[in-house]
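Per-entry structural report
In case you want the letters, here they are:
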Amino acid sequence: MIRLAIATLRRHRGAYVGTFLATVLAVALLAGGGLLLYSVLIAEPPADRFAATTLAVAGDREISLETVTTKQKKEGKSKVKRKVKSERLTGAGTLPADLAGRIAAVPGVAGVVADAAFPVQVTARDGRALRGADDAPVIGHGWVSATLTPYTMRTGRPPGTGEVVLDADVAARGGVRVGDELRVTTRTGTRTLRVSGIAAPAGRDGLPAQGALFLADGDVAAVSGLAGPTAVGVFGAPGTDVAALRARVHAVAGDAQVLAGDDRVRADLPGALPDYIGPISIFGFVIGITAFAAVFVLTGTVTLSVRQRLRELALLRAIGATPGQLRRLLGVESAVLAGFAALPAAPLGVLFAEVVAARFMTLGAVPAQFTVRVNVPVLLLAAVAGVLVTFVAARIAGRRAVRIAPTQALVETATAPASGTFVRALVALVTAAGAVGVLSFVPLDGPLGMGMSFVSSALLLCAVAAVGPLLVRLLAAVVARPFGLGGLIARTEHRRVAAVAVPLVLMFAINTVMLLNSALLSRLTGQEQVAREAPATAQVTGDGGLPLDTARRLADVPGVTGVAAQLPTRVIVAQGGKPEDYPAQGLLVGGPDTALDLDVRAGALTADGFAASAALVRQYGWRIGDRVPLWLPDGKQVQLRLSMVYGRARGFGELVLPAGLVAAHDPRGLVRTVGLRYAPGTAERIHAEFPALRLVPALDAAPAGDASNQQGAWELMVVISLGFTAIAVVNTFAIAAAARRREYADLRLVGATARQLQRLAGGEALVTVIVGLLLGSAVTGIVVGAFSAAQDGVLRWIVEPGTHAVMVGGVAALGLLAGVLPTRLMVRRRSLATQV
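Quick notes on the rules
- Residues numbered from 1 in each chain as written.
- Predicted model: local features only at pLDDT ≥ 70, side-chain atom pairs only at ≥ 80, totals over all residues.
- Heavy atoms only, no water.
- Helix = DSSP H or I, 4+ residues; strand = E, 2+ residues; numbered from the N terminus.
- Buried < 20%, exposed > 50% of the residue type's maximum accessible area, 1.4 Å probe, protein only.
- Contact = heavy atoms within 4.5 Å.
- Areas by Shrake-Rupley, 256 points an atom, 1.4 Å probe, with all protein chains shown as cover.
- Patch = residues over 30% accessible without salt bridge, like charges linked within 9 Å, V, L, I, M, F, W, Y side chains within 5 Å.
- Salt bridge = Lys/Arg side-chain N within 4 Å of Asp/Glu carboxyl O.
- Phe/Tyr/Trp six-rings, centres within 6.5 Å; stacked < 30°, edge-to-face > 60°.
- Core = buried A, V, L, I, M, F, W, Y, C linked by side-chain atoms within 4.5 Å.
- Domains from an automatic or database assignment.
- pLDDT = per-residue confidence, 0-100.
- Pairing = 2+ DSSP bridges.
- Axes fitted to C-alpha atoms, helices over the stretch in contact; angles between N-to-C directions.
- Bend = angle between axes of the 7 residues up to and from the residue.
- Parallel < 35°, antiparallel > 145°, perpendicular 65-115°, else oblique.
- Left-handed = near helix turned anticlockwise from the far one by under 90°.
- Nonpolar A, V, L, I, M, F, W, Y, C, P; charged D, E, K, R; others polar.
- Expected span 1.5 Å × (residues − 1).
- Lys, Arg positive; Asp, Glu negative; His and termini not counted.
- Charge placed at Lys NZ, Arg CZ, Asp CG, Glu CD.

Focus on the overall build of the protein chain
Check the secondary structure of the protein chain and you find 23 helices and 24 strands. In the protein chain, which comprises 836 residues, the proportion classed as buried is 51%. Contacts spanning at least 24 positions in sequence make up 82% of the contacts within the protein chain whose residues lie at least 6 apart. Of the accessible surface of the protein chain, which amounts to about 36,000 Å², a share of 60% is contributed by carbon and sulfur atoms.

Examining a nonpolar patch on the surface
On the surface, Phe-422, Val-423, Leu-426, Val-427, Leu-429 and Val-430 cluster together into a nonpolar patch covering about 610 Å² of accessible area. Among the structural elements, Val-423 can be located in helix 11 (residues 421-441).

Some details on the side chain of Gln-121
With respect to the helices, strands and loops of the structure, Gln-121 is situated in strand 5 (residues 118-124). Apart from residues no more than four positions distant in its own chain, Gln-121 is found in contact with Ala-129, Arg-183, Val-184, Thr-185, Asp-543, Gly-544 and Arg-668.

Quick notes on the environment of Met-717
Residue placement: Met-717 occurs in helix 20 (residues 705-739). A residue is classified by how much of its surface remains accessible, and Met-717, at 5% relative accessible area, is buried. Sequence spacing of Met-717 and Met-514 is 203 residues, and the spatial spacing of their C-alpha atoms is 8.5 Å. Here Met-717 is in contact with Ile-282, Phe-285, Val-286, Ile-289, Phe-360 and Met-514, once residues within four sequence places are set aside.

Section: the packing of aromatic side chains
Summed over all chains, the structure comprises eleven aromatic pairs. Measuring from centroid to centroid gives 6.3 Å for Tyr-276 and Phe-370, while their planes differ by 55°, and the two rings are tilted. With a gap of 94 residues between them, Tyr-276 in the loop between strand 14 (257-260) and helix 7 (277-307) and Phe-370 in the loop between helix 9 (323-363) and helix 10 (376-401) connect regions that are remote in the sequence. Of the two residues, Tyr-276 and Phe-370, both sit in the buried class. Ring plane angle 85° and centroid distance 5.8 Å describe the contact between Phe-610 and Trp-622, whose orientation is recorded as edge-to-face. One end of the pair, Phe-610, is in strand 19 (residues 609-613); the other, Trp-622, is in the loop between helix 17 (614-620) and strand 20 (627-631), with twelve residues separating them in the sequence. As far as burial versus exposure is concerned, Phe-610 and Trp-622 are alike and both buried. Each member of the aromatic cluster is reached from another via a ring pair, and the members are Tyr-276, Phe-283, Phe-360 and Phe-370.

Topic: the nonpolar core
In this structure, Leu-36, Phe-283, Phe-292, Phe-360, Phe-370 and Leu-461 are the most contacted members of the largest nonpolar core, which totals 105 residues. The greatest single-element share of this core, amounting to 18 residues, is contributed by helix 15 (residues 494-533). Formed jointly, this core draws a minimum of three residues from each of two domains, domain 1 (1-43 + 276-417) and domain 3 (423-530 + 701-836). The residues contacting Leu-461, other than those within four sequence positions of it, are Phe-292, Phe-296, Val-505, Leu-506, Ala-509 and Ile-510. Counting 43 residues, the second largest nonpolar core, distinct from the first, contains Ala-584, Leu-630, Val-638 and Leu-640.

Topic: the side chain of Asn-511
With respect to the secondary-structure elements, Asn-511 resides in helix 15. Among the residues examined, Asn-511 registers a relative accessible area of 0% and is labelled buried. When neighbours within four sequence positions are excluded, Asn-511 is seen to be in contact with Leu-506, Val-718, Ser-721, Leu-722, Thr-725 and Met-807.

So, the confidence of the model for the protein chain
Mean pLDDT over the protein chain works out to 84, with 89% of the residues at or above the 70 mark. For the protein chain, per-element mean pLDDT is lowest for helix 14 (residues 486-491), which scores 52, and highest for strand 22 (residues 655-658), which scores 96.

Quick notes on the sheet that holds strand 14
With respect to topology, four strands assemble into an open sheet ordered 4-13-1-14, the strand pairing being antiparallel. The strands lining the two open edges of the sheet, one partner per strand, are strand 4 (109-115) and strand 14. For this sheet the average axis-to-axis angle between neighbouring strands, irrespective of direction, equals 20°. Sheet analysis places strand 4 next to strand 13 (residues 231-236), joined by six bridges and oriented antiparallel. When the bridges of strand 13 are listed, Asp-115 appears paired with Ala-231.

Considerations on the pattern of salt bridges
A pair can form between side chains of opposite charge whenever their charged atoms are brought close. As enumerated under the stated definition, the model contains 18 salt bridges in all. Salt-bridge contacts for Arg-570 lead to Asp-581; the nearest nitrogen and oxygen are separated by 2.5 Å. Placement of Arg-570 in strand 16 (residues 560-575) and of Asp-581 in strand 17 (residues 578-590) is noted, with a sequence separation of eleven residues between them.

What to know about the pairing of strand 17
As defined by bridge partners, strand 16 adjoins strand 17 across 13 bridges and the pair is classed as antiparallel. What sits directly across from Val-571, in strand 17, is Tyr-582. Hairpin connection of strand 16 to strand 17: two residues between the antiparallel strands, including Gly-576 at a positive phi of 60°.

Brief notes about unusual backbone geometry
Cis peptide bonds are those with omega within 30 degrees of zero, and the linkage from Thr-149 to Pro-150 qualifies with 0°. Secondary-structure assignment places Pro-150 in the loop between strand 7 (138-142) and strand 8 (151-156). Residue Asp-599 is not a glycine yet carries a positive backbone phi of 60°.

Remarks on helix 9
The largest bend in helix 9 is about 40°, located at Leu-343, with the proline Pro-344 one to four residues further on. In the stretch just after helix 9, Gly-364 is the one whose phi turns positive, near 85°.

What about the pairing of strand 1 (residues 55-58)?
Residue alternation in strand 1 divides its side chains into two sets, Leu-55 and Val-57 and Ala-56 and Ala-58, and both sets are buried. As paired strands, strand 1 and strand 14 are joined by four bridges and run antiparallel to one another. Note that in strand 14 the partner of Leu-55 across the bridge is Ala-260. Both strand 1 and strand 13 contribute to a ladder of four bridges, which runs antiparallel.

Remarks on the packing of helix 22 (residues 754-792) against helix 23 (residues 801-827)
At a closest axis distance of 9 Å, the pairing of helix 22 and helix 23 adopts a crossing angle of 150°. As summarised for this structure, helix 22 and helix 23 are arranged roughly antiparallel, according to the angle between their axes. Seen from above, helix 22 lies across helix 23 with right-handed handedness. Residues Ala-754, Leu-757, Gln-758, Ala-761, Gly-762, Ala-765, Leu-766, Val-769, Leu-773 and Thr-780 of helix 22 lie in contact with helix 23, whose contacting residues are His-804, Val-808, Val-811, Ala-812, Gly-815, Leu-816, Gly-819, Val-820, Thr-823, Arg-824 and Val-827. Its residues assigned to classes, the contact of helix 22 with helix 23 shows 13 nonpolar, seven polar and one charged.

Description of helix 12 (residues 449-466)
Because an α-helix completes one turn every 3.6 residues, residues spaced three or four positions apart along the sequence face the same direction. Taking 1.5 Å of rise per residue, 18 residues should cover 26 Å, and helix 12 covers 26 Å from first to last C-alpha, within 8% of that figure. Residues of helix 12 that are buried: Gly-449, Met-450, Ser-453, Phe-454, Ser-456, Ser-457, Ala-458, Leu-460, Leu-461, Ala-463, Val-464 and Ala-466.

Describing a positive patch on the surface
A surface patch of positive charge is lined by Lys-71, Lys-79, Lys-81, Lys-83 and Lys-85. Residue contributions to the positive patch peak at four residues, all from strand 3 (residues 78-88). Structurally, the position occupied by Lys-81 is in strand 3. Here Lys-81 falls in the partly exposed class, since its relative accessible area comes to 48%.

Let's talk about the environment of Pro-583
Tracing the sequence through the fold places Pro-583 in strand 17. Separated by twelve residues in sequence, Pro-583 and Val-571 have C-alpha atoms that sit 6.5 Å apart. Each residue touching Pro-583, except ones within four places of it in the same chain, is listed here: Thr-569, Arg-570, Gly-653, Glu-654 and Leu-655.

What about the packing of helix 21 (residues 741-749) against helix 23?
Their axes nearest at 11 Å, the elements helix 21 and helix 23 cross at an angle of 50°. With respect to their mutual orientation, helix 21 and helix 23 come out oblique. Here helix 21 and helix 23 pass one another in a crossing that is right-handed. Along its contact with helix 21, which presents Arg-741, Tyr-744 and Arg-748, the element helix 23 presents Thr-823, Met-826 and Val-827. The residue makeup of the contact of helix 21 with helix 23, split by class, is three nonpolar, one polar and two charged.

Below, the structure is given as structure tokens:
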């Protein structure tokens, strides 16, 4: 059977080109998406700041909650089930100040170093912000921590009081030399410090994911605001057994974790390490989009390729082949074809992964240190998936095709027997019901909204594909009348039109839904930001942020009547034993006038309470007055009373806490912006007292960078999907045109001219495109309408007319070109009339 399949493929190479191309692209997309997800799942920090130590002791870097459920079984027995779920912290708590001394007394310990790590904003005297490689943050330490890596002096001397040592990489990027003065900002304030030296790790200028700034050990507490070390590095005596030493240190470390080997890197400040939580979601969504599009398109292409061989299958039936033998032949042919297609698809998948990763890194959605890891098992899995999809698609398509009557080999146009209507209707009903369920019961205004809109679109597309021939028959008859094509459509095989129209529906619906929904979110975010900041006269910002004390001083400037300082942070909330991380704000408000409008729905913000968005309150079932446990960035748990519910949370945060509480427990602890409301003439006083700050009219404030990055990420996903589906549309039209070669040749023999055949193909392509756009618009309207209503209660069918028009025009132009051009090239060939 395999030799027969290979011989068939070799004999009909031209007929299989379209299927081969579709399989190559599908496997390449699966391989590329798989490599991206695999690479981000195994991604590790690029360097270990504790490389010189034997052990590293640190507090928890995540919140873990355990739930215990007991299930009663028969005969009085019970089964206890334990689940532990964790959420990563964005900061690091401090260890007891005397812990380093206690560890130093442990047998086998040769030395200990108490490390205090904290983010710093460093600005040169000319106003340039200093950053590490790939825009990495700069982390402050005491000079004693230099031995942990180790850093050694290149020029200058160790820092004294009021001095710093800068790592060589940051110094080179900023053109800083020994003796220069730097402005260093932390949550405790802004200071001018002099550079006393330049240091670097052995063999390089700095660590790839973080810059380093070292202060005199006596200055650390005042500059950082830390009450103790964030980690302790332990140096073992020569010849000491590491496992035994770790056990002894753990005995005196209490609840702190003792890390050895590659795990030592986890003792570093979380903000100093690349964050791969977001990229996991991004690449998971990428592989979801690519996998659905690949399977959807590949199934349709294989089905169409089987249909173009109906005459051959009828001839094989005429010489005695059984339906079972023909199904096996089709399955083996498709599997062999997919196996050959996987060979060029693997390197294309690697290239795809590299290009997509580079673009996401440019957008800032993925850490700059991310690298694509080529993994052979992932490539093999993609190839196996491609083989399985083509094999199953061929077997399913062959179930009806192989029952063709042998006499069909003698007719002009072979048609397969009609069957499977009940199964198709059942599939359409189930998938449509699933889409309705997702759109009705999943909160689309939450973090899963965009993902669920894609899922509902995919389910509706499956429903359209299942009953495609019926929908095409109904719509084509209506569409054809205004163009005088009723007779043409009556003679057209609707299954072929449906097979060509469905990729158009996919191309339009999936991409338009993502474009319109992401555009809607961006628009609503911008509108809410404008509404929030409308009461303020101006927004005050500084390079990298402002200390909270500066915001308080701004509130005391004569003429200022209202102040609202926003300090961005992350807060963890638990429900049912599952911790969830949410964006939040520390908020400082003051003055008789309001400088920030959050659209308060209930209550009022108090000094000892917190506020939550209406969506979060609805999700967790909170009420005003409830005391809720919250975990702050450094792992500190607090119980706060819900005192206010607000509506304008987009681009702001789901929770609002007192700014002083956030500044004390967020390692960065800097105010992003201060909204001010003031009387005429006050701006000059602010400029005079705070010359380093920028005063921007409220309406001119730029949107949050995270929102623009998310929009860019969605647009990149659309580009990926649009590119593949566009190629699939062209490929499908080409296969359909090639399948009609004999039909066109017969028409030429009976006197049809090339121009008449071109008009025939053009009319059918026009109807196909219109039907595809109508079905795609129906899917888009349902999903976008439900998504829009979930966001703000407004039902919108077309969010952005310009974007919608571009998609309609682009898909229509591509469909018409792909439908007409292959036929035009085919009928102009003089040899066509002989191919009967």
